[in-house]
Structure formats: structure tokens, C-alpha cells
Amino acid sequence: MLFRSKISRSEKLIIVPNLVGQSRRSVEISLQQIGLRIDTVYTEFNPDYPKGTVAWQFPKSGDHIKKGMGLQITVSQGLPPDFFQVPQLFGMSMQNAKDLLTKARLKVGKISYQQNEDLVPYTVLDQSIAPGTVLNQTIQVDLVVSILRSEEHTSELQSRAY
């Protein structure tokens, strides 16, 4: 009697990379290069991840799966259209801070000036609403901006503030 035995190799397992924070296109290319693919794509508004980037994945990073298997990802659509996120303004020039607030669909509020000889004049020192705060309506963000000497710049400050 003759016995045949089949020796099989164990299937190669691939370590799932961290895809969170990458663009969808970058994820597709990365997965293709290691023998994996995207199986399901969900979308959601997510203020923590820029539009078009992966906010969630399954299996998670570090898991082992068989070559050729698919992953599920959620791609961020960014902020919901009726939400506003306050940007980080500390350390920016006053003009750049104003521009960024406008881009974020927020308004420049009261501008206060504080003497600070260590920083370039008109650098944002503080803001009235913490960076990353998500609001459901547009609002004014007050700024505290550096100056060299308070009494010397009064007329110049008034012209720059408007």
C-alpha cells in the first residue's frame, strides 16, 4: 500500500501597517505593495483628521492577516459643514493669524497688545478660544499680540488692527 502525503506550506501572514492619517491613495499603493487590498471604505465627518485621510482601520495596525486579504477603512470628510474648528494661532504673525481665522470661517475679535521684547512684534501670544475647539457656529476669537513698548506703538497699532 502506498501513502501519499502532501506537505503544505503555511500561508504567509502580513503585518498590517498603520494607515491612520494617510491619504486614501497612499493607503491603496502601500497595501498593494505588500499584497493586501482595501475591502470596504466608509466615510465620516471627523474634525480630528483632514479631509481625504484615513481616520480608522480594521484590522488594526500590527495585526497579522493572510496575503491578499482586504481591510476596512474610514476616510475622513473633515469638519462637518456646520462646524467650525479653532486653529492654533500662538506664535504666528498677527496677519497670518487673521488669515487663518478667515480660512476657518471664524472672525477676528478684540486684539489686545502686551509688551514682550523677546518676540518679534505683532506675534500672537494668546487666543480666547483653545485651539482644536469645535464650534457649531461662527464666533469671534480674541487675540493677545506682542509689541515692544506699549506707549510708542499706539498710533501704529490702531492702523494695523483695522
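Located above this text is the structure these notes cover.
So, here's what we can say about the structure. (Residues numbered from 1 in each chain as written. Predicted model: local features only at pLDDT ≥ 70, side-chain atom pairs only at ≥ 80, totals over all residues. Heavy atoms only, no water.)

## With respect to the sheet that holds strand E3 (residues 54-58)
Condition: Two strands pair under a simple rule: DSSP has to find at least two bridges between them. Starting at the N terminus, helices and strands are each numbered in turn, a helix being any DSSP run of H or I of at least four residues and a strand any DSSP run of E of at least two. Interaxial angle, 0 to 180 degrees, is taken between N-to-C directions of lines fitted to C-alpha atoms, where a helix line uses only the stretch in contact. Residues count as neighbours in contact if any of their non-hydrogen atoms are within 4.5 Å of one another.
Taking strand neighbours across the sheet as the criterion, the 3 strands line up as E2-E5-E3 in an open arrangement whose pairing is mixed. Both edges of this open sheet fall to strand E2 (37-44) and E3, since each of them pairs with a single strand only. On average, adjacent strands in this sheet sit at an angle of 25 degrees to one another, irrespective of strand direction. Across 4 bridges, E3 lies against strand E5 (residues 70-76) in antiparallel orientation. Bridge pairing links Gln 57 to Ile 73 in E5. Sitting on the sheet, helix H1 (residues 24-34) is in contact with E2, E3 and E5, with an inclination near 165 degrees to E2.

## Digging into the pattern of salt bridges
Put simply, the test is: Only one rule defines a salt bridge in this text: a Lys or Arg side-chain nitrogen within 4 Å of an Asp or Glu carboxyl oxygen. With a 1.4 Å probe rolled over the protein chains alone, any residue whose accessible area is under 20% of its type maximum counts as buried; one over 50% counts as exposed, and the rest are partly exposed.
Scanning all chains against the criterion turns up 4 salt bridges. A salt bridge links Arg 25 to Glu 28, with the shortest nitrogen-to-oxygen separation between them at 3.3 Å. Of this pair, Arg 25 and Glu 28 both sit in helix H1, 3 residues apart, which is roughly one turn of that helix. With relative accessibility at 54%, the residue Arg 25 sits in the exposed group. The closest approach of N and O atoms between Asp 39 and Arg 37, which form a salt bridge, is 3.6 Å. Residue class for Asp 39 comes out partly exposed when judged on its relative accessible area of 46%.

## Some thoughts on a nonpolar patch on the surface
Operational definition: Note on patches: the residues involved have over 30% relative accessible area and no salt bridge, like charges join within 9 Å, and the nonpolar side chains Val, Leu, Ile, Met, Phe, Trp and Tyr join within 5 Å. Here, Shrake-Rupley sampling with a 1.4 Å probe gives the accessible areas, and only protein chains in the shown set may cover a residue.
Together, Tyr 42, Trp 56 and Phe 58 give the surface a local cluster of nonpolar side chains, amounting to about 320 Å² of exposed area. Mapped onto the elements, Trp 56 comes out in strand E3.

## Quick look at the pairing of E5
For E5, the buried fraction is high: 5 of the 7 residues fall into the buried class. In this sheet, E5 lies alongside E2 in parallel orientation, the contact comprising 7 bridges. When the sheet's bridge partners are listed, Thr 43 is paired in E5 with Val 75.

All we've got here are geometric facts, nothing functional implied.
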